[in-house]
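Now for the letters of each chain:
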Amino acid sequence: MPASGRPHGGHDDNVVGALAVALADRIGDATTAAAGVPGVPAAALAALHEWAGERPIQTLADGLRLSHSRTVRVIDRLEAEGLARRTRDRADGRSALVGLTPRGREAAQRVLAARAEVLGAALGALAPGDRAALGRLAEPVLEALTGGRRDARAICRLCDAHACG
């Protein structure tokens, strides 16, 4: 820590931190409203739609950063709303796979569209070249924050998986 007693970074770090919080808040509000399922993280629908569908419950739990038991309760709620279904894993009869129903896919698409709208509105303040530059600058920061597949799933739990390959 410098002699001033304040951590390094100052203004630029504050701006980036505030941007992250503002975007997270707006994305959270918009995707929660779009999901329309109280008590269920919108990210559960997005993740099941994009990369966790028809996989074991633990895959979703890791991406949502929830315990297995909490994730089971989320899935129970999604099933009660007719948005998800469980099937037995043919490769491992002890395990259940989770997938979305047609209504669940529609809800997930609303969640992803809400996220895209928030990001489009926020990043629309930038010129196209600046927007691309911000994306390039964010990549190494995200890389530094990602320690493996589990971290990547958690970070990208609301992402359009096809946008990055």
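If you're wondering where the values come from, they're calculated on a predicted model, not measured in any experiment.

Novice: Before we go on, may I ask you to explain the nonpolar core in this structure?
Specialist: The tendency in soluble globular proteins is for nonpolar side chains to be buried side by side. In this structure, Leu45, Leu48, Leu60, Leu78 and Val111 are the most contacted members of the largest nonpolar core, which totals 34 residues. Listing elements by their share of this core, those giving two or more residues are α1 (10–35), α2 (42–52), α3 (57–64), α4 (68–80), β3 (96–100) and α5 (102–123). Sort the elements by how many residues they give to this core and α2 lands first, with nine residues.

Novice: It is not clear to me how α5 should be interpreted in this structure. Could you clarify?
Specialist: Every α-helix winds through 3.6 residues per turn, so residues three or four apart in the chain are directed the same way. Over its 22 residues, α5 extends 31 Å from the first C-alpha to the last, a length consistent with the 32 Å expected when each residue adds 1.5 Å. Residues Gly104, Ala107, Ala108, Val111, Leu112, Ala114, Arg115, Val118 and Leu119 constitute the buried set of α5. Buried residues in α5, looked at end-on, bunch into an arc of 150°, giving them a common side. Those residues of α5 that are exposed and angled more than 90 degrees off the buried face are Pro102, Glu117 and Ala121. The inward-facing, buried residues of α5 abut α1, α2, β3 and α6 (128–145).

Rules of the game
Residues numbered from 1 in each chain as written. Predicted model: local features only at pLDDT ≥ 70, side-chain atom pairs only at ≥ 80, totals over all residues. Heavy atoms only, no water. Core = buried A, V, L, I, M, F, W, Y, C linked by side-chain atoms within 4.5 Å. Buried < 20%, exposed > 50% of the residue type's maximum accessible area, 1.4 Å probe, protein only. Helix = DSSP H or I, 4+ residues; strand = E, 2+ residues; numbered from the N terminus. Expected span 1.5 Å × (residues − 1). Arc of directions from axis to C-beta. Contact = heavy atoms within 4.5 Å.

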